[in-house]
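Take a look at the letters that make up each chain.
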Amino acid sequence: MNKFEYAPAPESAALVDIKSQYGLFMNGKFIAAKAGKTFTTINPATEEVLAKIAYAELADVNLAVTSARNAFTKVWSKMPPAERGKYLFRIARILQERSREFAVLETLDNGKPIRETRDTDIPLAAAHFFYHAGWADKLSYAGHGANPKPYGVAAQIIPWNFPMLMLAWKIAPALATGNTVVLKPAETTPLTALLFAEVCQQAGLPAGVVNIITGDGATGSHLVNHPDVDKVAFTGSTGVGKAIAKAIAGTKKSATLELGGKGANIVFEDAAIDEAVEGIVNGIFFNQGHVCCAGSRLLIQENVQDEVLEKLKNRMNLIRIGNPMDKNTDLGAINSAAQLSRIKDLADSGDIEGAMRWSPNCTLPSSGFWYAPTIFTGVSQSHRIAREEIFGPVLSVLTFRTPQEAIDKANNTPYGLSAGVWSDKGSRILWTAKRLRAGVIWANTFNKFDPASPFGGYKESGWGREGGRHGLSGYLKGQY
Amino acid sequence: MNSTLLTDNSEASLKKFLKTLAPVDAVGASARVEMLATRSIKTSSKNWAIDLAIRMVDLTTLEGADTPGKVKALCAKGVYPDPTDLSIPSVGAICVYNDMVKIAREALDNGGGKNIPVAAVTTAFPSGRASMEVKIQDTKDAIANGASEIDMVIDRGAFLAGNLGLVFDEIKAIKEICGKDVHLKVILETGELVTLDNVRKASYLAMLAGGDFIKTSTGKIAPAATAPVVYVMLEAVRDFYKLTGVRIGVKPAGGIRNTKDAMKQLVLVNEIAGPEWLDPSLFRIGASALLNDLLMQRMKMRDGYYASPNYVTLD
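For clarity, every value in this text was computed on a predicted model and none was experimentally measured. Each chain has its residues counted from 1, running along the sequence as written. The lettering of chains begins at A and the numbering of ligands begins at 1, in the order of writing. Selection of residues for local features in this predicted model requires a pLDDT of at least 70, selection of side-chain atom pairs for listing and counting requires 80 or more, and totals for whole chains, interfaces and linings are taken over all residues.

*Asks:* What am I meant to see in the overall build of chain B here?
*Replies:* When helices and strands are tallied, chain B shows 13 helices and eight strands. Exposure in this text rests on C-beta crowding, where 20 or more other C-beta atoms within 10 Å of a residue's own make it buried, 12 or fewer make it exposed, and counts in between make it partly exposed. The C-beta atoms are placed from the backbone. Out of the 315 residues belonging to chain B, those deemed buried represent 52%. Residue pairs qualify as contacts under a 7 Å threshold applied to their C-beta atoms, which are placed from the backbone. Sequence separation of 24 or more characterises 76% of the internal contacts of chain B that already satisfy a separation of 6 or more. Secondary structure elements are taken from DSSP: a helix is a run of H or I of four residues or more, a strand is a run of E of two residues or more, and numbering for both begins at the N terminus.

The structure is reproduced here in structure tokens:
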């Protein structure tokens, strides 16, 4: 060895016990789907089948909602708030205790690197339960009136990009505010939600307070349209979000929607360039770019474009792609064949429309779903890759000449979830942030999350906020 | 030297050039080094990195209580770190005070370490608070006694007062005394410069003035070689190479006590400056306690279990 090659340092898959088959979790127990239909979930890094999963149809959804309703009326709504808090604290502690198991399972089922599940997803998920556990008996002081009430049964549908973290974002505030839950994880990543169901059993959570049903879009549609659901919370694509909004229009149901994004990451000439490059890499290649708030549009001030791009390319040469279970892997597998083909399709449109593609020299594994980290330069506002959410490791680079032009370009999108500002000048950061139409704006950093900080979108990026005091309002009928 | 492309050595041009440097964001710098600290170095790469780290150690004793006996013992240890295993490489250099240079040189020459350089700390180390005449004489003495590497300190007072020309001229004068054959390491004492922006400026100042190495600390001030500081210095040598085609070395010193710390340093070198810097000619680690921990880890890799500390020699 004459170079510093990092020898493989894989985490052990044996840390988690994956069953060959999983049922639906309702009324505190795992049961088979009524019609007995199943589907499989695979490891996207190897295409190996991990487990057979029960497929919930209308009859199963009805049972799950009934289970949640019963738990709400008979147990959860009558329980003193401090007792609810105790359950949440208990769940949070169990998540920390079993964090390694969760991290391994998430990586196997999702394809994201173990470093991310270990250092980001699972610790943040536990933090969300801790944070909301503290709110359970303090809701009178949350700014939603003296005696805010829960809605009742919350139908929650979560995506595949952060399965466990999105589960925490949904379930923790719902339970803290006194709602009961029917949650449907994404069909490609159901395993950590099912392990979470075991955690609910371990914590002694009363039966029916949390119900986990597995299936596809049809299952989700049955859930959203169920007449006894009071509240819908959805994270996923803007297309599905719109369909949900239509479906619940005219009903008593309220909704929180966290949808797509096309975040602008704005680098001014006076930025700390090396750290900005880190932020750009983190903004688009974190989690293979499967991030709704990804900084997928890079806006560089034209006079520092060459320097930034040279450093960015050098940095991209260091990205380690491969086995997600290896502790040194930076970029893991694309979650599914369908998503891979969507990324390919959109990236190819970049070639066709005349943008310049660049990727580092890297060998992609032969099995599984992979896409090399890619940047497109010479992108203009009218290109599809500048307008549509790619949801993959593909960055579109645009330039601007003046701060106002940066704002105009950044806001020229139907989305408005996130944005980043890179400048060493405080006044410029504030000037820019004030004018950006996005729910979260990071200054000199990117993709930072905290349970105390509300998250959500402008425009087609969503309705409502999750996290923080603001996020509670999505699960409370306030008295104002 | 090519760096004359960047300045004409006047204070005005120096300040103008240093103003062109991008700022450092301390939060981002910490985030980057924290991420790199999670790199998991195992099996064959750990073996390789331990031996490389041993070759990079500037085995150091810089105490008022240093005696000829102590220095000779250190030299013996530097040549054959573990007398029971001669496959272990010798250290990068022996680093001592001015008056111990001759003793160290003789001890190395007589003990099989002819190729190991002696590094001397000079210029009124560690404070640097002396007249230029004294600093020059200090350096000349050390070289005359056999030092082939000089670890000088910059005048931090002058740097903080904005007298960058003075700092520059001092480094330049000492480099002239060193000439081509004696390697000059310029100690920035980053614990006294405090901000990462200052570290970046001082790094460029030292490189422009002709330093062959930039070194974090004297070891007498805490904090010493923190990861963000080393990160900024490694970026500086990488970018300076782009500008001038000259590769400058980096030497963190102070606070690197165990193998894990050393591995983290090597990962920084690999991923920030680049693999070209993974060589004792371009990266050294100033340390004393580190060597024994490297030896113990090496034994553990070889034997599969941790030995008692009594299986490595004290000095």
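*Asks:* So what exactly am I meant to see when it comes to the interface of chain A and chain B here?
*Replies:* Where the parts come together, the accessible area they lose is often given as the size of the interface. Between chain A and chain B, the contact holds 21 residues from the first and 25 residues from the second. If you list the elements that add at least two residues to the side of chain A that touches chain B, you get helix H4 (114-135) and helix H9 (273-285) of chain A. No other element matches H9 of chain A, which puts five residues into the side of chain A that touches chain B.

*Asks:* Looking at this model, I keep getting lost on the environment of histidine 290 of chain A. Mind explaining?
*Replies:* Residues and elements named next belong to chain A. Summarising the element assignment, histidine 290 is placed in the loop between H9 and strand E13 (297-301). Residue histidine 290 is classed as buried on the basis of its 23 C-beta neighbours within 10 Å. Between the alpha carbons of histidine 290 and lysine 112 there is a distance of 9.5 Å; along the sequence they are 178 residues apart. Not counting residues up to four positions away in its chain, the partners in contact with histidine 290 are Asn161, Asn335, Phe391 and Gly392.

*Asks:* Explain helix H11 (residues 227-244) of chain B to me, please; I cannot follow it from the model alone.
*Replies:* For H11 of chain B, which comprises 18 residues, the first-to-last C-alpha distance of 26 Å matches the rise-based estimate of 26 Å (1.5 Å per residue) to within 8%. Backbone geometry just downstream of H11 of chain B places glycine 245 of chain B in the positive-phi region, at approximately 80 degrees. Between the first and last residue of a helix there are one fewer steps than residues, each counted as 1.5 Å, and that sum is the expected span.

*Asks:* Sorry if this is basic, but what is going on with helix H5 (residues 101-110) of chain B here?
*Replies:* Note on helix geometry: an α-helix contains 3.6 residues per turn, so any two residues three or four positions apart are oriented the same way. Residue and element names in this part refer to chain B. Looking at H5, one finds that the buried residues are Val101, Ile103, Ala104, Arg105, Ala107 and Leu108. The secondary structure elements touched by the buried residues of H5 are helix H4 (68-79), strand E2 (93-97), strand E3 (118-121) and helix H6 (132-144). One or two positions beyond H5, positive phi appears at glycine 112, with a value near 85 degrees.

*Asks:* I tried to follow unusual backbone geometry on my own but got confused; where do I start?
*Replies:* Note on backbone geometry: most residues besides glycine have negative phi, and most peptide bonds are trans. Residues and elements named next belong to chain B. Note the cis peptide between phenylalanine 125 and proline 126, where omega equals -5 degrees. Considering the arrangement of structural elements, one finds proline 126 in the loop between E3 and H6. Geometrically, the link from alanine 222 to proline 223 is a cis peptide bond, its omega value of -5 degrees lying close to zero. By the element assignment, proline 223 lies in the loop between strand E6 (213-215) and H11. In this structure, threonine 123 is a non-glycine residue whose phi angle is positive, near 55 degrees. For threonine 123, the position within the fold is in the loop between E3 and H6. Taking the C-beta count within 10 Å as the criterion, threonine 123 has 29 such neighbours and is therefore assigned buried.

*Asks:* Which parts of the structure should I look at to understand the confidence of the model for chain B?
*Replies:* It should be kept in mind that the predicted coordinates are not to be read in detail where pLDDT is low. As a per-residue measure, pLDDT tells how confident the predictor is, with possible values from 0 to 100. Predicted confidence across chain B gives a mean pLDDT of 96, with 98% of residues reaching 70 or more. Two summary scores accompany this predicted model of the complex, namely pTM at 0.96 and ipTM at 0.95.

*Asks:* What exactly am I supposed to notice about the environment of isoleucine 18 of chain A here?
*Replies:* Residues and elements named next belong to chain A. Secondary-structure assignment places isoleucine 18 in the segment before strand E1 (21-22). Sequence separation of isoleucine 18 and alanine 51 is 33 residues, and the distance between their C-alpha atoms is 7.3 Å. If we ignore the near neighbours within four places in the chain, the residues touching isoleucine 18 are Leu50, Ala51 and Leu191.

*Asks:* Looking at this structure, how should I read the nonpolar core?
*Replies:* Residues and elements named next belong to chain B. Residues Ile94 and Ala104 are the most contacted members of the largest nonpolar core, which totals 158 residues. The element contributing the most residues to this core is H11, with 10 residues. In this structure alanine 104 touches Val71, Cys75, Ile94, Val96 and Val118, once residues within four positions along its chain are discounted. In plain words, the nonpolar core is the set of buried Ala, Val, Leu, Ile, Met, Phe, Trp, Tyr and Cys residues that C-beta atoms within 7 Å link up.

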